[in-house]
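Topology and contacts: notes
In case you want the letters, here they are:
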Amino acid sequence: MKIFCIHFEGVAGSGRATAAAGAHSALLRPGEPVFIPDDTDRWESLAAPAIRISRLGTAIRARQARAYFDAVSVMHILRPRPGTPPFDDIDIPPYTLDRTFAPGSWTELGDTADDTPFSMRLTRSLLKTDEVTEESEVSFTISSLQACRAVELLSRMATFKTGDIIIFTDAATPPHSPELDSRVRCSLNGTENLSIRLK
């Protein structure tokens, strides 16, 4: 399985894209807790929408790309905070680190139109008290993610296989310092998609 993170800048269809590949070992199993290193201020936690590739393909054109993915989900991302020790003197790709991505459940797209809105809501709470410490919400559509363009660009340099994942970091929730002994929940259109413990 391949995992790609892509970030678009500018308006849809015209912005430059920055992409990074994630390691297979970076993906946790569903429901697995996320273990935070002791120095939590050196890390950041966020959630981003993702699509799942559903068939083999390479050099896919954007107008054909919609046939190559079949589901949408939320991925929790734990990554080094840029410019903090021990990452201030080494340029390490953040998505190659083990246990970076915690997956949510997949929502089948079926014949969902590309302009159908999705609302991704994130809630952080303390495990002991269930006190909510942060709430944020991001709205997106398949079109606003530029998902078909992402498939086109990434398939120029890689052969897609069933189960590959593309994560859209420009549509992520704001980065937040992870809290030990807390829970992150995410929902898509009001249905819980992701629930993980940070330990």
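Quantities reported herein were computed from a predicted structural model and do not represent experimental measurements. (Residues numbered from 1 in each chain as written. Predicted model: local features only at pLDDT ≥ 70, side-chain atom pairs only at ≥ 80, totals over all residues. Heavy atoms only, no water.)

Before going further, it helps to spend a moment on the sheet that holds strand S11 (residues 191-198). Taken in spatial order, the four strands make up an open sheet running S8-S7-S10-S11, and their pairing is antiparallel. One side of each edge strand has no neighbouring strand; the edge strands of this open sheet are strand S8 (132-140) and S11. The mean inter-strand angle of the sheet, taken between neighbouring strand axes irrespective of direction, is 15 degrees. Where strand S7 (residues 118-126) and S8 come together, eight bridges link them in antiparallel fashion. Its bridge partner being in S8, Ser 119 is matched across the sheet by Ser 139. (Pairing = 2+ DSSP bridges. Helix = DSSP H or I, 4+ residues; strand = E, 2+ residues; numbered from the N terminus. Axes fitted to C-alpha atoms, helices over the stretch in contact; angles between N-to-C directions.)

Within strand S1 (residues 3-8), five of the six residues are buried, which leaves the element mostly enclosed by the surrounding structure. The sheet contact formed by S1 and strand S2 (residues 17-22) spans six bridges and is antiparallel. When the sheet's bridge partners are listed, Ile 6 is paired in S2 with Ala 19. Pairing analysis gives four bridges linking S1 to strand S9 (residues 165-168), with the strands arranged parallel. Bridge pairing links Phe 4 to Ile 166 in S9. (Buried < 20%, exposed > 50% of the residue type's maximum accessible area, 1.4 Å probe, protein only.)

So, on to the side chain of Thr 173. Assignment of secondary structure puts Thr 173 in the loop between S9 and strand S10 (182-188). Residues within four places of Thr 173 in sequence aside, it is in contact with Leu 46, Ala 47, Met 120, Leu 122, Ser 136 and Val 138. (Contact = heavy atoms within 4.5 Å.)

Attention now moves to the side chain of Glu 134. Considering the arrangement of structural elements, one finds Glu 134 in strand S8. Assessed through its relative accessible area of 14%, Glu 134 is described here as buried. At 2.3 Å, the side chain of Glu 134 and the side chain of Arg 124 are in polar contact. When near neighbours in sequence (up to four residues on either side) are disregarded, Glu 134 contacts Leu 122, Thr 123, Arg 124, Pro 174 and His 176. (Polar contact = N/O pair within 3.5 Å; in protein donor to acceptor, adjacent residues only side chain to side chain.)

Bringing the packing of aromatic side chains into the picture now. Aromatic ring pairs are reported here in terms of the distance separating the ring centres and the angle at which the planes meet. On inspection of all chains with the given rule, the structure shows three aromatic pairs. Ring centres of Tyr 95 and Phe 101 lie 5.8 Å apart, and the angle between their planes is 20 degrees; on these two criteria the pair is classed as stacked. Accessibility expressed as a relative area gives 8% for Tyr 95, which makes it buried. Using a relative accessible area of 0% as the deciding quantity, one classes Phe 101 as buried. With 5.4 Å between their ring centres and 10 degrees between their planes, Phe 118 and Phe 140 make a pair best called stacked. A residue pair is termed long-range when its members are at least 10 positions apart, and Phe 118 in strand S7 and Phe 140 in strand S8 qualify at 22 residues. (Phe/Tyr/Trp six-rings, centres within 6.5 Å; stacked < 30°, edge-to-face > 60°.)

Backbone geometry follows two general trends: most residues other than glycine have a negative phi, and most peptide bonds adopt the trans configuration. You will see that Gln 146, though not glycine, has its phi angle at about 60 degrees, which is positive. Along the chain, Gln 146 turns up in the loop between S8 and helix H1 (147-154). When its relative accessible area of 7% is taken as the criterion, Gln 146 is described as buried. Phi is positive for Asn 189, close to 50 degrees, though the residue is something other than glycine. Locating Asn 189 in the fold gives a position in the loop between S10 and S11. A residue is classified by how much of its surface remains accessible, and Asn 189, at 43% relative accessible area, is partly exposed.

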